[in-house]
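Listed below are the residues making up each chain.
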Amino acid sequence: MNGLPQNLASRFEAYSHWRMQLAARIGSLEQWLVTQTLLDPQSQKAINQVRARLHEDKLILAFVAEFSRGKSELINALFFSSYGQRLLPSSAGRTTMCPTELLYNPQEPPCLHLLPIETRKDKTSVADLKHNMALWTTLPLDLSTPESMGQTLAHVSQLKKVPLDTAHQYGFFDTDEDASKILKNGENEVEIPYWRHAIINFPHPMLEQGLIILDTPGLNAIGTEPELTFSLLPSAHGVLYILAADAGVTKTDLDVWEEHLISSDPASKNGHIVVLNKIDGLWDDLKTSQAIQAEIDKQVLSTAKTLNILPEQIYPLSAQKGLLAKINNDQALLERSRLPELEHALTDRVLPARREIVANSTQADLTALVRGIRDLLDMRENGVHEQLDQLFIMRSKNKDVVLRLLEQTKEEKHAFEQGLARYTAMRRIFTNHTNALLDATDMDALRANANRTHLALESATQTKNVRRAIDTFFMTLNEDLSEAERQVMEIYEMIKGMSTQFAQEFKTRPLTPKQFSFDKCRREISRLQIAYEHRFDALWGRTARAKLEPMQRFFEAIVTRAKQVYGVANRDVENWLKNVMVPMEAQIRERNQQLHRHQENTRQLATATTEVEGHARELKEKLDAIKAQQNVLEAHLKIINNLLMQIEPTAQQHIETPAVIQ
Ligand SMILES: Nc1nc2c(ncn2[C@@H]2O[C@H](COP(=O)(O)OP(=O)(O)OP(=O)(O)O)[C@@H](O)[C@H]2O)c(=O)[nH]1
Ligand SMILES: [Mg+2]
C-alpha cells in the first residue's frame, strides 16, 4: 500500500485511463479519416482539440475553512500518508499563510514556486502573474527525504513584520477596526504573510494524472485575496468545507461558509462536502462506543441544521487519527477515524460528476464533426446512384436521350454556379456579423468597460457610488452578451436558410448548423455578480465611506474572473465560427466535383457507348468502397460511444476492436 486511499486512487487512475483510451480511439478515427481524405483542415483542428482537452483535463479539489480546522492535516491524511510524516505544515494556530496549489507539471523538476507578497502592491492578479514566473521564487524540492521536503514546504507558513502603512498597501488591515485590534501594544509593525501564493510541483501519482489540490489559509484571514473567492474557488470541481468538532460552528466558520461557499452559487450548496473534523476529541474511554456515536450524531444534526444542509452531506472524521493510522498501517484506528467514508464520497460524487461533464462535451464536439462526414459519404453515395441511373438510360444507346442528358448536366452546372454566387454574397454578410459578434465580446470591450469602472471608482467617495460603478460594469457585460447572442442568432438563421435552399435545389440532405450558446458564460457572470454582492456587503456594508485601494483590488479580482470567463467564451465562439460553415462548404465542394464528374462521364459515354458495361462495373465498385467507408466510420463511432457511455470504467477494461478497423 502506498498510503493513497486505494479506492479513490484506483478510481482516479481508471478515470485517467478512460480519458487516455478515449483520446487514443479518437486518434485512430482521425488517422483513418486522414487516410480516406475525409477530413478537411478545419475539422482536423477540431478533432485535435478534443483529444488535447482529454489529455489536459484537470480535477481541482479545494479545501476551505476557518484557520486551524485541519485542512492541511486532512490533505496529508488523504494523499500523502506514504511519506510517514506531515508533508504540508499543520500545527496549532494559523499555519498555511498563502493559498497553496499542489499539482504536477512534468515539464519542470519537482519544486516550490512562491510569489512574494510585495506583488500585491500593483493590481496584477495571481492568474496573470502565473505567466511571469520570473517574479516568483523557485526552490527545488528534494524528494529523497520527507524531512527535507517538509523543510522546503514549511515556507508556506512564513511571516514577516512590516510597518502598518506597508501592510495597508498590500491590502491587509483595511478597516480601522482591524488595525486597532492588531496594534494593541503601541507597536508600529504588524505580521503579514511572506508569500502571496504557492505552487508545489510534485510527482505524486494522482497529481500526475491531473488532480490539483488547493489548500487555503484560514479563509477568514484578514486581507484574504478576493481572487480566491472570485476565481480559484469557482473553478474547483469539488469544494470541501471543514469544521472542527471541538469548536462547533462558530461565527467565523459561518462567515466563511456564507461568504465563500454558498454565496458563489446558492444552488451548488448541495454539491459541497462538509467535514466535521477532530471527532477524536469526543473519544472518551469512560464512555461506551454507542454513547460516543450518539454524541457525534448529535453534532452532525445540529451542524446540518445550522448550515441548512442534509445531514448526509456531513462527514464526521478525524484527519489526525486517519493520518496516524495510515502511517502505522493500523486498520482498526483507520476505521475508527472514519476517513475512508470521506474517500468514498470523493470517489462516488466528485469523480463521476467530472466524468459526465467530460463525456458530454466530447460527445457534443464529435457529433457535429461526424454529422458532416456522414453527410459527405451520403452525398457521394447518392452521386454514384445518379450516375448509375444515367448509365441505365444510356444502355438504350438512344442518341436523343444522350443529348438530353448532356444538356441536363450543363443546366445543373449552371444552376450550381448561380447558387455559388449567392453563397459568396452570403459569406460577405457572414463576415460582417462575425466582426460585430467578436467586437461585442472581445477583451478590448471588457478592458474598456473595466477602465471606465476604475475611473468611476477613483472619483467615488461614498460606498453607494462605488456600488453603482460596479453595478454598471455588470450591466454593460450583460448588454454586450445580449448583443453577441443576437449576432449568433442572425448567423445561425442565415446559414440554416442557405443550407435549406441549397438542399432543395440540389436534392441533398438539409444540414442543421451547430448551435452556439452563451448560457455558460452568462451563468458564470451571474455567479460572479452574486459573489460580488455578498462580499461587498460583508466588506463595506458597515462603513459609509469607501476606501480606494481595497476597492480597486476588490474590483480587479472581479475583472480577473470576468476575463477568464470571456477568454473561454471567446475561444468557444471563435471555434464555432470557424466550424459552422465547414459542413456546408464540404457539401458545396462535393457537389462541384460530382457535377464535374457527371459531365465528363456523360461526354465520354456519348462518344464511346460501348464502354457502358465497364463503366457500370467501376461505379458499382465505387459504391462498395463508399459502403465500406460508412461501415468503418460507424465501427469507430461505436467504440467511441461505448467508451463514452461506460458508467464504471476500470483500469484493466479492454475494448474489443471490430474486425473492419483492424
Ligand atoms: N485532535 C485532532 N487534532 C487535529 C485533527 N486534525 C488536525 N488537527 C490539529 O489541528 C491543528 C490545525 O491543523 P491544520 O491542518 O494546520 O489546520 P488548517 O485548517 O490547515 O489551518 P490553517 O493552515 O492555519 O488555515 C494542528 O495542530 C493539527 O494537528 C484531528 O482530527 N484531531
Ligand atoms: Mg493549513
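Residues numbered from 1 in each chain as written. Chains lettered and ligands numbered in written order. Predicted model: local features only at pLDDT ≥ 70, side-chain atom pairs only at ≥ 80, totals over all residues.

Trainee: Is there a simple way to think about the overall build of the protein chain in this case?
Mentor: Helix and strand counts for the protein chain come out as 21 helices and eleven strands. The principal-axis extents of the C-alpha atoms in the protein chain amount to approximately 110 × 65 × 45 Å. By sequence separation, contacts in the protein chain at least 24 residues apart represent 82% of the contacts at least 6 residues apart. (Helix = DSSP H or I, 4+ residues; strand = E, 2+ residues; numbered from the N terminus. Contact = placed C-beta atoms within 7 Å.)

Trainee: Would you mind going over the domain arrangement of the protein chain with me for this structure?
Mentor: Accessible area lost when the parts come together is the quantity often used to give the size of an interface. With domains assigned, the protein chain is organised as domain 1 (1-57 + 352-395 + 608-662) and domain 2 (58-158 + 194-337). Top element by residues in the side of domain 1 that touches domain 2 is helix H1 (residues 6-35). It accounts for four residues. (Domains from an automatic or database assignment.)

Trainee: Help me understand the environment of Gln630, please; the structure alone is not making it clear to me.
Mentor: By secondary structure assignment, the location of Gln630 is in helix H21 (residues 612-645). By C-beta crowding, Gln630 is classed as partly exposed, having 16 other C-beta atoms within 10 Å. (Buried ≥ 20, exposed ≤ 12 C-beta atoms within 10 Å, placed from the backbone.)

Trainee: Could you clarify how one ought to interpret the sheet that holds strand E10 (residues 273-277) in this entry?
Mentor: Each strand in a sheet pairs with its neighbour through backbone hydrogen bonds, running either in the same direction (parallel) or in the opposite one (antiparallel). If you walk across this open sheet you meet the nine strands as E4-E3-E7-E2-E8-E1-E9-E10-E11, and the pairing is mixed. Among the strands making up the open sheet, the edge pair consists of strand E4 (137-140) and strand E11 (314-316). Taken over all neighbouring pairs, the strand axes of this sheet differ in orientation by 20° on average, direction set aside. In this sheet, E11 lies alongside E10 in parallel orientation, the contact comprising three bridges. By the bridge assignment, Val274 is partnered in E11 with Ile314. (Pairing = 2+ DSSP bridges. Axes fitted to C-alpha atoms, helices over the stretch in contact; angles between N-to-C directions.)

Trainee: I'm lost on the environment of Gln85 in this one. Help?
Mentor: Looking at the secondary structure, you find Gln85 in the loop between helix H3 (71-79) and strand E2 (100-103). According to the C-beta neighbour criterion, Gln85 is partly exposed, with 13 such atoms within 10 Å. For Gln85 and Pro146, which are 61 residues apart along the polypeptide, the C-alpha to C-alpha distance reads 7.2 Å.

Trainee: Even after reading the chapter, I still don't get the pairing of strand E8 (residues 211-215), so can you show me in this structure?
Mentor: Within a regular beta strand, the side chains point alternately toward one face of the sheet and then the other, so they alternate between its two faces. The buried fraction of E8 is high, at four of five residues. Relative to E8, strand E1 (residues 59-64) runs parallel, the two being bridged by five bridges. By the bridge assignment for E8, Phe63 is matched with Asp215. Examined bridge by bridge, E2 and E8 share three bridges and lie antiparallel to one another.

Trainee: Would you mind showing me how to read the site of ligand 1 here?
Mentor: For ligand 1, the set of nearby residues contains 23 residues, the closest of which are Gly70, Ser72, Ser90, Thr96 and Gln320. Elements with a minimum of two residues in the shell around ligand 1: H3 and helix H12 (319-327). The class makeup of the residues in the shell around ligand 1 is five nonpolar, twelve polar and six charged. (Near = placed C-beta within 6 Å. Nonpolar A, V, L, I, M, F, W, Y, C, P; charged D, E, K, R; others polar.)

Trainee: Just checking my understanding: could you explain the packing of helix H15 (residues 399-441) against helix H17 (residues 463-506) for this structure?
Mentor: Helices that pack against each other are described as a pair by the angle of their axes relative to one another and the distance between those axes. Interhelical geometry of H15 versus H17 gives an angle of 170° and a closest axis separation of 9 Å. As summarised for this structure, H15 and H17 are arranged roughly antiparallel, according to the angle between their axes. Along the contact surface, H15 presents Ala415, Gly419, Tyr423, Met426, Ile429, Phe430, His433, Ala436, Leu437, Ala440 and Thr441, while H17 presents Asp480, Leu481, Glu483, Ala484, Gln487, Val488, Glu490, Ile491, Met494, Met498, Phe502 and Glu505. The residue inventory of the contact of H15 with H17, partitioned by class, reads 15 nonpolar, four polar and four charged. (Parallel < 35°, antiparallel > 145°, perpendicular 65-115°, else oblique.)

Trainee: Can you walk me through H3 in this structure?
Mentor: Spacing of three or four residues puts side chains on the same side of an α-helix, whose turn is 3.6 residues. Burial analysis of H3 places nine of its nine residues in the buried class, which makes it a mostly covered element. Listed in full, the buried residues belonging to H3 are Lys71, Ser72, Glu73, Leu74, Ile75, Asn76, Ala77, Leu78 and Phe79.

Trainee: Hey, could you run me through unusual backbone geometry in this one?
Mentor: Most of the time, phi is negative for any residue but glycine, and the peptide bond is trans. A positive phi is found at Asn308, a non-glycine position, where the angle reads about 60°. A positive phi angle is found at Arg338, which is not glycine, with a value near 60°. Inspection of the secondary structure puts Arg338 in the loop between helix H13 (331-337) and helix H14 (339-394). In this structure Arg338 comes out as partly exposed when scored by C-beta crowding, with 18 C-beta atoms within 10 Å.

Trainee: What is the right way to look at the nonpolar core in this model?
Mentor: General note: in soluble globular proteins, nonpolar side chains tend to be found buried as a group. In terms of nonpolar packing, the biggest core is built from 93 residues, with Leu61, Val64, Tyr241 and Val275 touching the most fellow members. Sorting elements by how many residues they give to this core places H1 first, with nine residues. Looking at this core, you find at least three residues from each of domain 1 (1-57 + 352-395 + 608-662) and domain 2 (58-158 + 194-337). In this view, Tyr241 contacts Val64, Ala65, Trp257, Leu261, His272 and Val274; residues no more than four positions away in its chain are not counted. Counting residues in each nonpolar core, the second largest holds 37 residues, with Ile495, Phe516, Val565 and Ala569 among its members. (Core = buried A, V, L, I, M, F, W, Y, C linked by C-beta atoms within 7 Å.)

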